[in-house]
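The lines below spell out each chain.
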Amino acid sequence: MEKKMVSKDDFLYPRGRYYGHIKPENLVFNANLQEFAQRVSYVCNLETGGKLPPDEAYKQIKALWKQLKRTKKQLKIGEDPFQNDSSDAEG
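Computed from a prediction, not measured in an experiment: that's the story for all the values here.

Asks: What is the right way to read unusual backbone geometry from this model?
Replies: The phi angle of most residues is negative, glycine excepted, and most peptide bonds adopt the trans form. For Lys 76, which is not glycine, the phi torsion reads 60° and is therefore positive. Exposure remark for Lys 76: the relative accessible area of 55% places this residue in the exposed category.

Take a look at the structure:
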């Protein structure tokens, strides 16, 4: 029986399957969200273990959050692209 080798990145940054509405921007955002969660977990564990001071952990998590927010804005997640069109048709 042949064993499948797991790459270091797959081990360190596991990805869950996406079950939401399949659109390219949703898939990209989901990947970014999973990476955000994994990195926050690492920062929290380093802080809990005494390897990272609390203020540095806060700064790193804040930077990761800003990056995730920027990605959400760039991908226009949560925005309705037809919102203006429907109000124009009704009025």
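Asks: How should I be thinking about the confidence of the model for the protein in this particular structure?
Replies: Considering every residue of the protein, the mean pLDDT works out to 87; 87% of them sit at 70 or more. The low-confidence segment residues 84–91, where pLDDT is below 50, has zero contacts with residues more than four positions distant or belonging to other chains.

Asks: Looking at this structure, I do not really get the side chain of Thr 71. What am I missing?
Replies: Mapped onto the secondary structure, Thr 71 falls in helix α3 (residues 54–75). Not counting chain neighbours up to four residues away, the residues in contact with Thr 71 comprise Phe 29 and Asn 32.

Asks: Which parts of the structure should I look at to understand the packing of helix α2 (residues 24–48) against α3?
Replies: Relative orientation and spacing of two packed helices are given, respectively, by the angle between their axes and the distance between those axes. Between α2 and α3, the least distance of the axes is 10 Å, while the angle of their chain directions is 180°. Taken together, the axes of α2 and α3 lie roughly antiparallel to each other. Contacts between α2 and α3 involve Glu 25, Val 28, Phe 29, Asn 32, Leu 33, Phe 36, Arg 39, Val 40, Val 43, Cys 44 and Glu 47 from the former and Pro 54, Ala 57, Gln 60, Ile 61, Leu 64, Trp 65, Leu 68, Thr 71, Lys 72 and Leu 75 from the latter.

Asks: Could you clarify how one ought to interpret the side chain of Gln 34 in this entry?
Replies: By the element assignment, Gln 34 lies in helix α2. There is a polar contact of 2.5 Å between the side chain of Gln 34 and the backbone nitrogen of Gly 16. Residue contacts for Gln 34: discarding those within four places in its chain leaves Pro 14, Arg 15 and Gly 16.

Asks: So what exactly am I meant to see when it comes to a positive patch on the surface here?
Replies: A surface patch of positive charge is lined by Lys 62, Lys 66, Lys 69, Arg 70 and Lys 72. As for its placement among the helices and strands, Lys 72 is situated in helix α3.

Asks: Just to check I follow, could you spell out α3 for this structure?
Replies: Because an α-helix packs 3.6 residues into every turn, residues spaced three or four apart end up facing the same way. Counted at 1.5 Å a residue, the expected span for α3 with its 22 residues is 32 Å, and the 32 Å between its end C-alpha atoms agrees. Buried residues of α3: Ala 57, Leu 64, Leu 68 and Thr 71, and no others. Each buried residue of α3 sits inside an arc of 55° when the element is viewed along its axis, so together they form one side. Opposite the buried face of α3, at more than 90 degrees from it, the exposed residues are Tyr 58, Lys 59, Lys 73 and Gln 74. Buried residues along α3 sit in contact with α2. Looking one or two residues past α3, Lys 76 carries a phi angle of roughly 60°, positive in sign.

Calculation notes
- Residues numbered from 1 in each chain as written.
- Predicted model: local features only at pLDDT ≥ 70, side-chain atom pairs only at ≥ 80, totals over all residues.
- Heavy atoms only, no water.
- Buried < 20%, exposed > 50% of the residue type's maximum accessible area, 1.4 Å probe, protein only.
- pLDDT = per-residue confidence, 0-100.
- Contact = heavy atoms within 4.5 Å.
- Helix = DSSP H or I, 4+ residues; strand = E, 2+ residues; numbered from the N terminus.
- Axes fitted to C-alpha atoms, helices over the stretch in contact; angles between N-to-C directions.
- Parallel < 35°, antiparallel > 145°, perpendicular 65-115°, else oblique.
- Polar contact = N/O pair within 3.5 Å; in protein donor to acceptor, adjacent residues only side chain to side chain.
- Patch = residues over 30% accessible without salt bridge, like charges linked within 9 Å, V, L, I, M, F, W, Y side chains within 5 Å.
- Areas by Shrake-Rupley, 256 points an atom, 1.4 Å probe, with all protein chains shown as cover.
- Salt bridge = Lys/Arg side-chain N within 4 Å of Asp/Glu carboxyl O.
- Lys, Arg positive; Asp, Glu negative; His and termini not counted.
- Charge placed at Lys NZ, Arg CZ, Asp CG, Glu CD.
- Expected span 1.5 Å × (residues − 1).
- Arc of directions from axis to C-beta.

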